[in-house]
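# Coordinate inspection notes
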Amino acid sequence: MKILDRVLNPREIRRRLGMNQEQFWTQIGVTQSGGSRYESGRDMPRPVKELLRLVHVEQLDLSQVKRIDFEIIGYLKESHPDLYRTLRRAVKSRHRSADGGVSPNPDSESGPFDSDEVSTILPDSTTR
């Protein structure tokens, strides 16, 4: 049994978000019936797991993300790690301030999962 299945299955993620199957699964390009099969225990392909993590756990709006954004982040991490860490801390601080000093997930803008859950749900996640 994989960690995602053991700790928090897709059905639990969907329920925490208060969404029906159609709303939840179509956001990541999966039909409602396909999503139902995943919720019932069928193995999810890695790309579907990653999309689920990005869209529903990390709360990322994929329509706003461009390839160059990832290239810039990669360049910053590799070439200027101190600057990357400083910028990341500044963004986290800004989000905490906007949330009245308490952020439900300090590693993302908002969402129903705390940072420990995100890293446990999907160990390949980028929250570190």
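Here, every reference points to the structure presented above.
In what follows, the accompanying structure is described.

Thresholds, definitions, all that
Residues numbered from 1 in each chain as written. Predicted model: local features only at pLDDT ≥ 70, side-chain atom pairs only at ≥ 80, totals over all residues. Heavy atoms only, no water. Core = buried A, V, L, I, M, F, W, Y, C linked by side-chain atoms within 4.5 Å. Buried < 20%, exposed > 50% of the residue type's maximum accessible area, 1.4 Å probe, protein only. Helix = DSSP H or I, 4+ residues; strand = E, 2+ residues; numbered from the N terminus. Contact = heavy atoms within 4.5 Å. Phe/Tyr/Trp six-rings, centres within 6.5 Å; stacked < 30°, edge-to-face > 60°. Polar contact = N/O pair within 3.5 Å; in protein donor to acceptor, adjacent residues only side chain to side chain. Salt bridge = Lys/Arg side-chain N within 4 Å of Asp/Glu carboxyl O.

In terms of nonpolar packing, the biggest core is built from 12 residues, these being I13, M19, F24, W25, I28, V30, Y38, M44, V48, L52, V55 and V57. Listed by contribution, the elements that provide at least two residues to this core are α3 (21-26) and α5 (46-57). Top element by residues in this core is α5. It accounts for 4 residues. With near-sequence residues (within four places) excluded, V55 lies in contact with Q27, I28, L60 and L62.

A few words on the packing of aromatic side chains. Per the counting criterion, the structure on display carries 2 aromatic pairs. Aromatic side chains W25 and Y38 sit 5.7 Å apart centroid to centroid with 50° between the ring planes, which places their arrangement in the tilted category. Taken together, the residues span a long stretch of sequence, with W25 in helix α3 and Y38 in helix α4 (residues 32-39) at a distance of 13 residues. Looking at W25, the relative accessible area reads 0%, which means it is buried. Among the aromatic residues, those joined into a cluster by ring pairs are F24, W25 and Y38.

Before going further, it helps to examine the side chain of Q21. Within the element layout of this structure, Q21 appears in helix α3. Classification of Q21 as buried rests on a relative accessible area of 17%. Once you skip the residues sitting within four places of it in the chain, Q21 turns out to touch R14, T26, Q32, S36 and E39.

Among the secondary structure elements, E39 is positioned in helix α4. Exposure remark for E39: the relative accessible area of 5% places this residue in the buried category. A polar atom in the side chain of E39 sits 2.9 Å from the side chain of W25.

A few words now on the pattern of salt bridges. In this structure the tally under the stated criterion is 7 salt bridges. As a salt-bridge pair, E58 and R53 come within 3.8 Å of each other at their nearest N and O atoms. Taken individually, E58 and R53 each receive the classification buried, so the pair is uniform in this respect. The residue R67 makes a salt bridge to E71 at a minimum N-O spacing of 3.2 Å. Taken together, the residues span about one helical turn, with R67 and E71 both in helix α6 (residues 67-79) at a distance of 4 residues. A relative accessible area of 67% places R67 in the exposed class.

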